[in-house]
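What follows is the residue order along each chain.
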Amino acid sequence: MLGISIGHRSARIGRPGPDGRTAVTVVELDRTDGIARPEEALALILATQTQQEQEQEAVLGLPASAGREDEDRLRRAAEDAGLRVSRIVPVPVAVALHYGAIDEGVHRTVLVADLDPDTLELTVLAVTPDLTVRIVSTRTGPPGADRGLAAIARELTEASPDAVLLSGAPCTDPARRTDIENLPAAQGLTVRCTAPELAVVNGLLALPDFGLLRIATGTAPAAAYFAPPALADDPEPAPWPPPPADPEPPGAATEPPERRAEPRPDPATSPPPPGPAPTPVPEPAPEPPPAAAPDPPATPEPGPRPEGATAPAPRPEAETGPEAEAGSGPEPAPPPALYSVPVTQLQAVRRDDHLLVLWAWPDSALTARVRWRREDTTGTGSGPRDGDILCRRRVYEHDGGLDLPVGRGAVTLTVEALVPDPAADTEGAAGLRVPAEPPVVDYEPTARRRLTGARVATVTFTARTGCDLPDLRIVHGVGRYRPTSTADGTVLHEVPAQRLPAGTPLTVQFPLPAGRGPSWLVCFPARPADSDPDIRPTALHKLRVT
């Protein structure tokens, strides 16, 4: 296993030593850019490794500021160079794994300071209890002493992290840790600086054994360089807007309802009376005394309204509508709380680039939560790189399992059932790692007769994905039954091991012995191995050439 961290100007390669300690090699990429031209950088990196190390499985690390296109370009270049890529992760995530900042059930925010001789990268990571690491922000700038400390202080003020994690060989100097701890924004924070020169490669080497880990990024693009201090300050806040004018005078609330109901003169049309108020003139006929207050009139039946009549104003207490009706009835009972429990008998069956996931349901579970992540995105097949879905039990039983389009690469699954019983065992979720399906190489033999009467056989090999073709033996068998091993016929031709690009056919031709009756041409690997590609005929009936 190799852990390779590739930057713009340098690369760090880590491998477990015989004593269990990690050995690190630093390769300077002065002649190329490791992010923009990874094929040239990998050529310089692998030149320092032995042939056995070049064929090992590798975990690659990229700066957090690199994009998805950079990751895909690095993966293709690594596989073309012969490396078996297990996963590519951002460098700050590997640093957090080295310091143990990522764990199930924790919720924290950390600031990762990765320092190289020519680059300082500051990344804020948010770790959630479901083993999801979100890259909140990342900034890259020169590692000058004054500017680097100012940038770290600004990140501490804006992000308010729980800890600071240091990475890189320059951080081995105790003065750097002391300068950060003395910052006013770092008072009370933990600054971790244990073997910073090994932080990245140790995290990369620990990743395959860590389990399910999801990495998410924020929606805002990362800044390329630190902003100047004058532009980084927040602008002066704008004053609060004035409160809206009161639509009703304050004194109106204290008036009795009878007086508020009387019409008021319009001040715009009636001029104010000069001098003191005039003496009221008595009415010619006094009004009779008021009778007892009658009952409130009932709501009139709908029908034609007399001409000139106005609709009565609705009373607030008699308002009816959807809001009143919804609030008058009893509130619906909240749905019962569900608890996660691990399922049993979890297994997965490969169907080309799909997975059929099977498990045993608890008796009281009607829904299961399935989380999965594609460890390798080079295999064929459609679908997202990871997912978190809910599977209904009736759909599962109808379909005979859960079908996931995940490609041919390695996949990590976790399944937990949701039950309403709070007393159930809720210790984690059931996990399963499905290994990658070996590359598929199709071959098709044909036979033809030349003008001279001699027979010639042609075998064409085609790979669905780029792979290393092992040594092959083409066996010629005679009889009604096709050969099942090299002992069932005669080896007519041997194909040497070579690289077979995706979609590029490889054709071999050799003489075919004359004979009567049915004959077959079948290919077998010369030396069986677990990592060899799957050699398949395009159709079984095409193996019979005569």
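It should be emphasised that the depicted structure is a prediction, and the values quoted were computed from it without experimental measurement. (Residues numbered from 1 in each chain as written. Predicted model: local features only at pLDDT ≥ 70, side-chain atom pairs only at ≥ 80, totals over all residues. Heavy atoms only, no water.)

**Q** Honestly, the overall build of the protein chain in this entry has me stumped. Any pointers?
**A** Secondary structure assignment for the protein chain yields 11 helices and 28 strands. As presented, the protein chain carries roughly 32600 Å² of accessible surface, and 55% of it is formed by carbon and sulfur atoms. (Helix = DSSP H or I, 4+ residues; strand = E, 2+ residues; numbered from the N terminus. Areas by Shrake-Rupley, 256 points an atom, 1.4 Å probe, with all protein chains shown as cover.)

**Q** What is the right way to read the environment of A487 from this model?
**A** Here A487 lies in the loop between strand 23 (472-478) and strand 24 (490-495). Given the relative accessible area of 68%, A487 is considered exposed. Along the primary structure A487 and V475 are separated by 12 residues, whereas in three dimensions their C-alpha atoms are 8.8 Å apart. (Buried < 20%, exposed > 50% of the residue type's maximum accessible area, 1.4 Å probe, protein only.)

**Q** Hey, could you run me through helix 4 (residues 91-98) in this one?
**A** Helical geometry: 3.6 residues make up each α-helical turn, so side chains three or four residues apart lie on a common side. Of all 8 residues in helix 4, 7 are buried, a share of seventy percent or more. Taken as a whole, helix 4 has its buried residues at V91, P92, V93, A94, V95, A96 and L97. In the segment just after helix 4, G100 is the residue with positive phi, at about 70°.

**Q** Explain the environment of W520 to me, please; I cannot follow it from the model alone.
**A** Mapped onto the elements, W520 comes out in strand 27 (residues 519-525). Separated by 26 residues in sequence, W520 and T546 have C-alpha atoms that sit 7.3 Å apart.

**Q** Quick question: what am I supposed to make of the side chain of R12 here?
**A** The topology assignment puts R12 in strand 2 (residues 10-16). There is a polar contact of 3.3 Å between the side chain of R12 and the side chain of D114. Aside from chain neighbours lying at most four places away, what touches R12 is G3, I4, S5, T25, V26, D114, D116, S167, G168, V200 and V201. (Polar contact = N/O pair within 3.5 Å; in protein donor to acceptor, adjacent residues only side chain to side chain. Contact = heavy atoms within 4.5 Å.)

**Q** Quick question: what am I supposed to make of the pattern of salt bridges here?
**A** Between side chains of opposite charge, pairing is possible as soon as their charged atoms come close. Following the criterion strictly, the structure yields 18 salt bridges and no others. With a shortest N-O distance of 3.9 Å, R12 and D116 are connected by a salt bridge. Linking R12 in strand 2 with D116 in the loop between strand 6 (108-115) and strand 7 (120-128), this pair joins segments that are 104 residues apart in sequence. D70 is paired through a salt bridge with R73; the nearest N and O atoms lie 2.4 Å apart. Of this pair, D70 and R73 both sit in helix 3 (residues 68-80), separated by 3 residues, roughly a single helical turn. The exposure class of D70 is buried, given its relative accessible area of 18%. When salt bridges that share partners are traced, they join R12, D114 and D116 into one network. (Salt bridge = Lys/Arg side-chain N within 4 Å of Asp/Glu carboxyl O.)

**Q** What am I meant to see in the sheet that holds strand 11 (residues 214-217) here?
**A** Judged by pairing direction, the sheet is mixed, and its 6 strands sit side by side in the order 10-9-6-7-8-11 without closing on themselves. Each edge of the sheet is formed by a strand with only one pairing partner; in this case those strands are strand 10 (190-192) and strand 11. Each neighbouring strand pair of the sheet contributes to a mean axis angle of 25°, computed without reference to strand direction. With 8 bridges joining them, strand 6 and strand 7 adopt antiparallel strand pairing. Residue V110 lies in a different strand from strand 7, and its bridge partner there is L125. (Pairing = 2+ DSSP bridges. Axes fitted to C-alpha atoms, helices over the stretch in contact; angles between N-to-C directions.)

**Q** Honestly, the pairing of strand 15 (residues 367-374) in this entry has me stumped. Any pointers?
**A** Regular strands show a simple pattern: their side chains alternate between the two faces of the sheet. Buried residues dominate strand 15, accounting for 7 of its 8 residues. Looking at chain direction, strand 15 and strand 18 (residues 411-419) are connected through 8 bridges and run antiparallel. Counted as the bridge partner of T367 is L418 from strand 18.

**Q** When you look at the nonpolar core in this model, what are you seeing that I'm missing?
**A** A general feature of soluble globular proteins is that nonpolar side chains tend to end up buried together. Counting residues in hydrophobic clusters, the biggest one holds 27 residues, and the most contacted among them are V95, I102, V110, L125, L165 and L213. Of all elements in the fold, only helix 4, strand 6, strand 7, strand 8 (132-141), strand 9 (163-167) and helix 7 (199-206) reach the threshold of two or more residues within this core. The greatest single-element share of this core, amounting to 6 residues, is contributed by helix 4. The residues contacting L125, other than those within four sequence positions of it, are P92, V93, A96, R108, T109, V110, V112, V133, R134 and I135. (Core = buried A, V, L, I, M, F, W, Y, C linked by side-chain atoms within 4.5 Å.)

**Q** What's the story with the packing of helix 1 (residues 38-46) against helix 3 in this structure? I'm lost.
**A** Describing two packed helices takes the angle between their axes plus the distance from one axis to the other. Interaxial distance between helix 1 and helix 3 falls to 9 Å at its minimum, and their mutual angle equals 45°. When the axis of helix 1 is compared with that of helix 3, the two are oblique. Viewed along their axes, helix 1 and helix 3 form a crossing whose handedness is right-handed. Residues P38, E39 and L42 of helix 1 pack against R73, L74, A77 and A78 of helix 3. A class-by-class count of the residues in the contact of helix 1 with helix 3 yields 5 nonpolar, no polar and 2 charged. (Parallel < 35°, antiparallel > 145°, perpendicular 65-115°, else oblique. Left-handed = near helix turned anticlockwise from the far one by under 90°. Nonpolar A, V, L, I, M, F, W, Y, C, P; charged D, E, K, R; others polar.)

**Q** When you look at the sheet that holds strand 13 (residues 344-351) in this model, what are you seeing that I'm missing?
**A** For sheets, the rule is that strands pair by backbone hydrogen bonds, running either parallel or antiparallel. On the basis of which strands lie adjacent, the open sheet formed by 3 strands has the order 13-14-17 and antiparallel pairing. Every interior strand has two partners, whereas the edge strands, strand 13 and strand 17 (402-405), have only one. When the angles between neighbouring strand axes are averaged without regard to direction, this sheet yields 25°. Relative to strand 17, strand 14 (residues 354-360) runs antiparallel, the two being bridged by 4 bridges. In the sheet register, H354 faces strand 17, and the bridge partner there is P405.

**Q** Would you mind going over the packing of aromatic side chains with me for this structure?
**A** Ring pairs (aromatic) are described by centroid distance and by the angle formed between their planes. Overall, the coordinates contain 4 aromatic pairs when judged by the stated rule. The interplanar angle of 70° and the centroid separation of 5.5 Å between the aromatic rings of W361 and Y396 together place this pair among those described as edge-to-face. With W361 in the loop between strand 14 and strand 15 and Y396 in helix 11 (residues 393-399), this pair connects stretches of sequence that are 35 residues apart. With respect to burial, W361 and Y396 carry one shared label: buried. (Phe/Tyr/Trp six-rings, centres within 6.5 Å; stacked < 30°, edge-to-face > 60°.)

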